[in-house]
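Fold and geometry: a report
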Amino acid sequence: MTMSFSLPLVKMQALHKSYGDGAVQVLKGIDIEMKPGDRVVVIGPSGGGKSTLLRVMMGLEQIDSGSVSFDGKAYISSEGRGRKTVIDTNVRRSIGMVFQHYTLFPHLSVIQNLILAPCKVRGEARATAENRARTLLERFGLGAKAKAYPAQLSGGQKQRVAIARALMLDPKLMLFDEVTSALDPELVSEVEQVIMQLASQNMPMMIVTHDMWFAKNIASRVIFCAGGVVVEDGPPEQVLGSPKEERTREFIDRVFHIKQ
Amino acid sequence: MSLDFSVLARFEHALFLGLMTTLQLTAVCILLGCSLGFLVGLARTSRSKALRFVSGIYVEFFRGTPVLIQLFWIFFCLPLILGVELTNFVSGVVALTLYMGAITSETFRASLNSIGPEQVDACVALGLPRRVQVTSVVLPQAVLRAVPTLLSNCVSLFKESALVSAVGMADLMFVGQNISNNTARPVEVLTIVALIYFVIAFPLTRGVTLVEARILKKLAI
Amino acid sequence: MNYTFDFNAVSFAPLLRGLVVSLELTAAANIIGIVAGFGLALLLMSPYRLVRTPFMLFVEFFRCTPAIVQIVWIFYCVPMLFDVFLDPITVGIMALGLNLTAFNAEAYRASIQAVPKEQLDAGIALGLNPLQRVLYIVFPTAFRASVPVLLTNGIVIFQQSALVAIVAIADLMYEGKSLATETYRPIETFTIVALIYFAVSFPVTQIVGLLERGRQLLAS
């Protein structure tokens, strides 16, 4: 086993989160470290906390306690439930997220969707932003759709636009929350190909997915998350192939329908 | 009894003027009322409890009382409170604008609330500050979504405008009633008046479904 | 502002008399509207265009013209056309009742058509015949869905009933206006009249709100 001395890109410590005044515990003490270049796939049963984890990472949720640091800088911390969670919005800008239901802005065309944030947030010149946007769209095979509106696109096209939109801001980490779960099966591969493209360019990413085949092919690390805790964390051959934990094994069996 | 529609020939011009008054009044109140309604709709969805409460009272009151009493109140009571004489046109505009403001605020409130939280999530994920989030993402969608219901609101306003005849304003209804009384031919005159209102309101209500089908379908909003 | 407030000048007796008349008109109009509206809705959904069209025009006419025009028309024209004498209350009930029938018919039609096709398909799959499907699937769902709209329309008619004052029917609005002119106290009188209308309407709209929220919770 090689020792890695690189500083962690993401360091989550003792994350706790509950809903409804502490009634429903969603995250019960999550400790995860991501190294630069890591491609972490998070799998697990529904309600186990996977999506919440990503949403916390994106700064969309409050936490009860714990902390997250990103690239060595303090990012998210909380003094306790009921107190406001401190989120450093400057750090948040380095993270991009793509959601299950694309959430493109329906009243803007594809290219307008892409240039909105760079122009309004970073003050980028419209022409520069448009050029970058067109290049990205070409890379994803959507060059012809620049002027189209989201309603005119298929699910797979919308999702690829959503990924391009997030990439316009040059994120240092990409979060993918079940981005293919809402797609018709034949549209899934075009989106997964785009994500693989990003992977080949060494983009660090954290992916929540149900698609085990995709998980096997893209992950450098797999985390099995259930009941709000990290049950198993290791390379894909281990977690997906021969899991160490009983619970992981049960889950993998159910998903793959084969008895190990 | 015999119907004689030729009596109306003498009164074509008078009816036309009455109709113009009605249309002018409706147009002015649509503009003012929608603007007011938009602001009140924003107030109703704001984070300030005080704003929500005050705007809520205004809306509930104007939706929960007859427009006629609102009109009478403005016409008879407002001059006494302000100490100035108000023409019936001004009274009509004030009353109908306040009414239109209340009903359109509900329309805007519903459309603002119908924008899913995922849109806000996407804005946060892109790092859009709240100001941009509101002006570039939420408001445009809210306005577009509100358009069909707003058209219905406009038709409602057009119908309620007939009430200004009760405070002596020479709109289509007032003129019609006068002619009807003068000629003692209510059937012909009032039927024509009703038809004029119908001919204007009916295409507009049908237009609502057209708008919904075309524009909103195109944008899947 | 030169105005001395004197709320004691407002004698409630005539206002209450007027309120009773308003409520009677509203109740009668609602009975007509709820029952006839349903029948009209069924006619509107008939597969025969010859049946549908005239009734559709009837509905559109009442929905696209001002209520005041309808009331005045019935008040002056019906006695003339049919050579009958109608006492004012009957005119009021007729006008408000017909108006409400038209709006309720639309409400019923919308809620019947909103019954999801899948439920009907399930009924067919279970072997229910058309009449059974209507009785056990369409009716219950459609009726439950239409209650909020029927209530809302019912309260709108209560407010529209104020218009009968224009044809001198002695309802709350009429009594209020008479009182205001007699006592020279429009602010107090009209404010109280408005508050009475509000006091009757507001609880009903709140109930409608509760019903709709309850249904949303059930549906989710």
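Criteria and thresholds
Residues numbered from 1 in each chain as written. Chains lettered and ligands numbered in written order. Predicted model: local features only at pLDDT ≥ 70, side-chain atom pairs only at ≥ 80, totals over all residues. Helix = DSSP H or I, 4+ residues; strand = E, 2+ residues; numbered from the N terminus. Buried ≥ 20, exposed ≤ 12 C-beta atoms within 10 Å, placed from the backbone. Contact = placed C-beta atoms within 7 Å. pLDDT = per-residue confidence, 0-100. Expected span 1.5 Å × (residues − 1). Core = buried A, V, L, I, M, F, W, Y, C linked by C-beta atoms within 7 Å. Pairing = 2+ DSSP bridges. Axes fitted to C-alpha atoms, helices over the stretch in contact; angles between N-to-C directions. Nonpolar A, V, L, I, M, F, W, Y, C, P; charged D, E, K, R; others polar. Parallel < 35°, antiparallel > 145°, perpendicular 65-115°, else oblique.

**Remarks on the overall build of chain B**
- When helices and strands are counted, chain B shows 8 helices and 0 strands.
- Element order for chain B, N to C, with α for helix and β for strand: α-α-α-α-α-α-α-α.
- With the C-alpha coordinates aligned to their principal axes, the bounding extent of chain B is approximately 75 × 45 × 25 Å.
- Taken across its 221 residues, chain B has 43% of its residues classed as buried.
- Long-range pairs, those at least 24 residues apart, make up 77% of the contacts in chain B between residues at least 6 apart in sequence.

**Thoughts on the overall build of chain C**
- When you go through chain C residue by residue, the secondary structure sums to 8 helices and 0 strands.
- Along its sequence from the N terminus, chain C presents helices and strands in the succession α-α-α-α-α-α-α-α.
- Each principal axis of the C-alpha distribution contributes one length, and for chain C these read about 75 × 50 × 25 Å.
- Per-residue burial for chain C yields a buried fraction of 37% across its 220 residues.
- Summarising the internal contacts of chain C: among those between residues at least 6 apart in sequence, 77% fall at separations of at least 24.

**Some points on the confidence of the model for chain C**
- With 96% of its residues at a pLDDT of 70 or more, chain C has an overall mean of 88.
- Reported confidences for the modelled complex are a pTM of 0.81 and an ipTM of 0.88.

**Re helix α7 (residues 172-183) of chain C**
- The end-to-end C-alpha distance of α7 of chain C, which contains 12 residues, comes to 16 Å, matching closely the 16 Å that a straight helix rising 1.5 Å per residue would cover.
- Of the residues flanking the end of α7 of chain C, it is Y184 of chain C, one or two places downstream, whose phi is positive at about 55°.

**With respect to the nonpolar core**
- Ranked by size, the top nonpolar core spans 180 residues in total, and within it V42 and L175 of chain A, L68 and L71 of chain B together with I68 of chain C carry the most contacts.
- If you tally residues by element for this core, the top one is helix α4 (residues 88-113) of chain C, at 11 residues.
- Contacts of I68 of chain C, omitting those with residues within four sequence positions, involve A162, L163 and M173 of chain B together with L163 and I166 of chain C.

**Section: the sheet that holds strand β9 (residues 205-208) of chain A**
Residue and element names in this part refer to chain A.
- Ordered in space as β7-β8-β9-β3-β10-β11, the 6 strands form an open sheet in which the pairing is mixed. This sheet does not close on itself; its edge strands, each paired only once, are β7 (95-98) and β11 (229-234). Ignoring which end each strand starts from, the neighbouring axes of this sheet average 20° apart.
- Judged from the 4 bridges that link them, β7 and strand β8 (residues 173-177) form a sheet pairing that is parallel. Bridge pairing links V98 to F176 in β8.
- Across the sheet, helix α1 (residues 50-57) is in contact with β3 (39-43), β7, β8, β9 and β10 (221-226); its angle to β9 comes to roughly 150°.
- Together, β7 and β8 form the strand contacts of helix α5 (residues 155-167), whose direction differs from that of β7 by roughly 170°.

**Regarding the interface of chain B and chain C**
- Each partner contributes residues to the interface: chain B has 33 residues there, and chain C has 32 residues.
- Listed by contribution, the elements that provide at least two residues to the side of chain B that touches chain C are α2 (49-63), α3 (67-82), α6 (130-160), α7 (172-183) and α8 (186-219) of chain B.
- Counting residues per element, the side of chain B that touches chain C draws most heavily on α8 of chain B, which supplies 10 residues.
- In terms of residue class, the side of chain B that touches chain C is made up of 24 nonpolar, 6 polar and 3 charged.

**Describing the interface of chain A and chain B**
- Taken residue by residue, the interface counts 22 residues in chain A and 20 residues in chain B.
- Those elements giving two or more residues to the side of chain A that touches chain B turn out to be β7 and α3 (110-122) of chain A.
- No other element matches α3 of chain A, which puts 4 residues into the side of chain A that touches chain B.
- Split by residue class, the side of chain A that touches chain B holds 14 nonpolar, 5 polar and 3 charged.

**Focus: the sheet that holds strand β1 (residues 10-19) of chain A**
Residue and element names in this part refer to chain A.
- The strand order β2-β1-β4-β5-β6 describes an open sheet built from 5 strands, whose pairing is antiparallel. Both edges of this open sheet fall to β2 (24-34) and β6 (86-87), since each of them pairs with a single strand only.
- Pairing geometry for β1 and β2, over 8 bridges, is antiparallel. Looking at β2, one finds that H16 is bridged to K28.
- Contacting β1, β2 and β4 (65-70), α1 crosses the sheet at an angle of about 65° to β2.

**Structural notes on the packing of α6 of chain B against α8 of chain B**
Residues and elements named next belong to chain B.
- Contact geometry for α6 and α8: axes closest at 9 Å, N-to-C directions at 175°. The pairing of α6 with α8 is recorded here as roughly antiparallel in orientation. Here α6 contributes L144, V147, P148, L151, S152, C154, V155, F158 and K159 to the contact with α8, which in turn contributes I200, A201, L204, T205, G207, V208, V211, E212 and L219.
- Residue composition of the contact of α6 with α8, grouped by class: 13 nonpolar, 3 polar and 2 charged.

**Thoughts on the environment of M173 of chain C**
- As for its position among the elements, M173 of chain C is in helix α7.
- When the C-alpha positions of M173 of chain C and G33 of chain C are compared, they lie 22 Å apart, and in sequence the two are 140 residues distant.
- In this structure M173 of chain C touches P66, L68 and I69 of chain B together with A162, A165 and V193 of chain C, once residues within four positions along its chain are discounted.

**Here's the deal with the environment of A110 of chain B**
All names here are of chain B.
- Mapped onto the fold, A110 is located in helix α4 (residues 88-113).
- Residue class for A110 comes out partly exposed when judged on the 16 C-beta atoms lying within 10 Å of it.
- The spacing of A110 and T45 is 65 residues in sequence and 9.4 Å in space, taken between C-alpha atoms.

**Re the pairing of β1 of chain A**
All names here are of chain A.
- Hairpin geometry of β1 and β2 is characterised by an intervening segment of 4 residues between the two adjacent antiparallel strands and by a positive phi of about 55° at G20.
- With 5 bridges connecting them, β1 and β4 associate as antiparallel partners. Residue pairing in the sheet places H16 in a bridge with S65 of β4.

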